[in-house]
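# Survey of secondary and tertiary structure
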Amino acid sequence: MKVGILQVGQVTPEVLVGIQEGLVKTFPDTTVAIIKDVLLVPQEAFDKKRGQYNSNIILSCVKAYSSKKPEFYRILGVADVDIFSSGLNYVFGEAYVPGGAALISLWRLKPVFYKEKPNLVLFLLRAQKEAIHELSHTLGVGHCPRSMCVMHFSNSIFDTDRKQSLLCDECYLQAAIAISNLG
Ligand SMILES: [Zn+2]
Ligand SMILES: [Zn+2]
C-alpha cells in the first residue's frame, strides 16, 4: 500500500519523518511518502467557544485532498492544533473506517502539554502510535480489547503511553489482509 503523509498547518519536519518510519515498520508491503504540499488548517474548523478545531472538518479536507491524489491508497494528515470531535472533549485523531483518509493531532502528544519536560523520543513514539492507530482504522481495523495493542482506544495520554506501538496478532492479520486486498 502506498501511503502519503500530509502536513496540515505548521508541523516540525522531524515528526513527519518519525511517523514515516513507524508506519513503514508496522505495515507489510507498504511505502510511505511525505507529501511536499502543505494543507492549510481550514479556519472554518475553528470553534471559537471551545478554542479548538473540529476534527471532522479537517479530516474532510484531507479526504478532499486525497481524492486529487489517486496514487496514494491512504493519506494521513498530521496537524498540530487541538482537535475535538462531537461528544468528546478532545481527540488524538480521527479516520474513515474504512476509507482513504485519516488525521492525527500532535497537540496533546507533547510532554510540555502535561507540564512535563520536553522529550522528543517520547513525543515521536506517541505520534507513531496514533498514526498507526488511525491508519489501521482506514483499513477497517476496529478498537481492540487488549490494552497493550496499538488499536486499544486511548481515552487519555496514559492509555497511549501504556500501549505498545504494535498491532497485536489479530489486528495485524486484519490489517495485512486489507492491504493485500488493495492489490
Ligand atoms: Zn480509534
Ligand atoms: Zn489488537
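The coordinates are above.
A brief look at the structure comes next. (Residues numbered from 1 in each chain as written. Chains lettered and ligands numbered in written order. Predicted model: local features only at pLDDT ≥ 70, side-chain atom pairs only at ≥ 80, totals over all residues. Heavy atoms only, no water.)

### Things to note about the packing of aromatic side chains
What counts is decided by this rule: Pairing of aromatic side chains requires ring centres within 6.5 Å, counting the rings of Phe and Tyr and the six-membered ring of Trp. Pairs whose planes differ by under 30 degrees are stacked, by over 60 edge-to-face, and all others tilted. Under the scheme applied here, a residue whose accessible area is under 20% of the maximum for its type counts as buried, over 50% as exposed, and between as partly exposed, the area being computed with a 1.4 Å probe on protein chains only. Whether a charge lies above a ring is judged from NZ of Lys or CZ of Arg, which has to be within 6 Å of the ring centre and within 35 degrees of the ring normal.
In this structure the tally under the stated criterion is three aromatic pairs. Ring geometry for tyrosine 90 against phenylalanine 92: centres 5.5 Å apart, planes inclined by 70°, an arrangement best described as edge-to-face. Take phenylalanine 92: its relative accessible area is 4%, and that puts it in the buried class. Ring centres of phenylalanine 113 and tyrosine 114 lie 4.9 Å apart, and the angle between their planes is 75°; this geometry places the pair in the edge-to-face category. For tyrosine 114, a relative accessible area of 26% puts it in the partly exposed group. Between lysine 2 and the ring centre of phenylalanine 72, over which it is positioned, the NZ or CZ distance is 5.2 Å. Of note, lysine 63 hangs over the ring of tyrosine 96, and the distance from its end group to the ring centre comes to 4.8 Å.

### Here we look at the coordination of the zinc ion (ligand 1)
Operational definition: Donor atoms: N, O and S within 2.8 Å of the metal, or within 3.2 Å for Na, K and Ca. Because water is excluded, sites can look incomplete. Each helix corresponds to a stretch of at least 4 residues labelled H or I by DSSP, and each strand to a stretch of at least 2 residues labelled E; elements are numbered beginning at the N terminus.
Protein coordination at the zinc ion (ligand 1): the donors are His133 (NE2), His137 (NE2) and His143 (NE2), at 2.0 to 2.1 Å from the metal. Here the donor residues of the zinc ion (ligand 1) are spaced in sequence according to H-x3-H-x5-H. With a gap of 10 residues between them, histidine 133 in helix H3 (residues 120–138) and histidine 143 in the loop between H3 and helix H4 (157–162) connect regions that are remote in the sequence. By relative accessible area, which is 3% here, histidine 133 ends up buried. For histidine 143, a relative accessible area of 45% gives the class partly exposed.

### Comments concerning the nonpolar core
Applicable threshold: Take the buried Ala, Val, Leu, Ile, Met, Phe, Trp, Tyr and Cys residues and link them wherever side-chain atoms come within 4.5 Å; each set so joined is a nonpolar core. Two residues qualify as a contact provided that any one of their heavy atoms is within 4.5 Å of a heavy atom in the partner residue.
Ile19, Leu23, Phe27, Val78 and Leu106 are the most contacted members of the largest nonpolar core, which has 36 residues in total. Every element with two or more residues in this core is listed here: strand E1 (2–8), helix H1 (13–26), strand E5 (74–79), strand E8 (101–105), H3 and helix H5 (169–181). Per element, the largest residue contribution to this core is five residues, and it comes from H3. Leave out the neighbours within four places in its chain, and valine 78 touches Ile5, Leu6, Gln7, Val8, Val11, Leu16, Ile19, Ile104 and Leu106. Counting residues in each nonpolar core, the second largest holds 20 residues, with Leu6, Val8, Ala45 and Ile83 among its members.

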